[in-house]
Amino acid sequence: MEFFFVCFCLFLISILYSSVGHGGASGYLAVFSLSLYGNMESSWLKQYAWCLNLVVAAIAFYHYYRGGYFDKKLSLPFIIGSIPFAIFGGFLRIDGVIYDSLLSITLIWAAYKLYQTKTDLEVECSIPELKVSIPTGAGIGFFSGIIGVGGGIFLSPIILLKKWANPKTVAATSALFIWVNSVAGLFGASISNQLDLEIQILFPFVISVLIGGFLGSKFGSRSNESFVKLMLIFVLIIAALKRVLELI
């Protein structure tokens, strides 16, 4: 029963995250932390989160790209900067205590940014210079590779705060950024012989987020998501607290 509950939670998380162009890795990691998978190695958690990211971020990007919201001049510098550092981050073997600490911080940050999210904000756009966007992508890519996320939860707030794009363009950029970083992280893990995926576990997870990602990216941004968002914030905070308590 717990396995099916995990799949259901992944489904709900993919709906919300895909509606704003995110893959959902921070949410998936929170669910794993609160389930029977919570005691797995950090490399296990990372690679499954990345695989689910690939599915949801691809669906989200497809819908936002078709809607005409993708701006390659904005997106490509962040992506170019992130790729080698995401590979390096995925390559590294992280001590369990360090990983739990960084993951807890990431989950709290994700909860905070979800709480702040406003989907109807419109801003005047001003694309950043390469000397700003490439290092920004590099830093986010490295941290994403270490934690096992795609980086959208960090990139999106920065772009919105700096007024580099409106929310729908940000969603398209984040979706592609997440997808590329997830591939890079998996590649880094594979060349360091950490990659170990079990198809009987991965397949049900993928089906769950595939359905949720389709619904979220197509219809999620049009619906009232307040309740689901609050529940996700609650899950992120509880998962972070669980990780912290295990360190004490």
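Since we're looking at a predicted model, the values are computed, not measured.

So, how was this worked out
- Sequence positions are assigned chain by chain, starting from 1 and proceeding in written order.
- Only residues with pLDDT of at least 70 get local features here, since the model is predicted, and only at 80 or more are side-chain atom pairs given and counted; chain-wide, interface and lining totals rely on the full set of residues.
- Calculation of side-chain values draws on the structure's entire complement of heavy atoms; hydrogens and water are dropped beforehand.
- When two rings of Phe, Tyr or Trp (its six-membered ring) have centres within 6.5 Å they constitute a pair, described as stacked for plane angles under 30 degrees, edge-to-face for angles over 60, and tilted for the intermediate range.
- By the criteria applied, helices consist of DSSP H or I runs no shorter than four residues and strands consist of E runs no shorter than two, each listed in order from the N terminus.
- The rule is simple: take the accessible area with a 1.4 Å probe, protein chains only, and divide by the maximum for that residue type; under 20% is buried, over 50% is exposed, in between is partly exposed.

Caption draft 1: Main features of the packing of aromatic side chains. This structure, assessed with the given rule, holds 19 aromatic pairs. Each ring, one from Phe32 and one from Trp44, has its centre 5.7 Å from the other, and the planes form 70°; the classification is edge-to-face. Placement of the pair is Phe32 in helix H2 (residues 25–33) and Trp44 in helix H3 (residues 42–66), with a sequence separation of 12 residues. For the pair shown, Phe32 and Trp44 are each scored as buried. Consider the rings of Tyr64 and Tyr69, whose centres lie 6.2 Å apart with planes at 65°: the pair is edge-to-face. On the accessibility criterion, Tyr64 (8% relative accessible area) is buried. According to the relative accessible area criterion, Tyr69 is partly exposed, its value standing at 29%. Ring pairs connect the aromatic residues Phe3, Phe4, Phe32, Tyr37, Trp44, Tyr48 and Phe205, which therefore count as one cluster.

The values reported here are purely geometric and, on their own, carry no functional implication.
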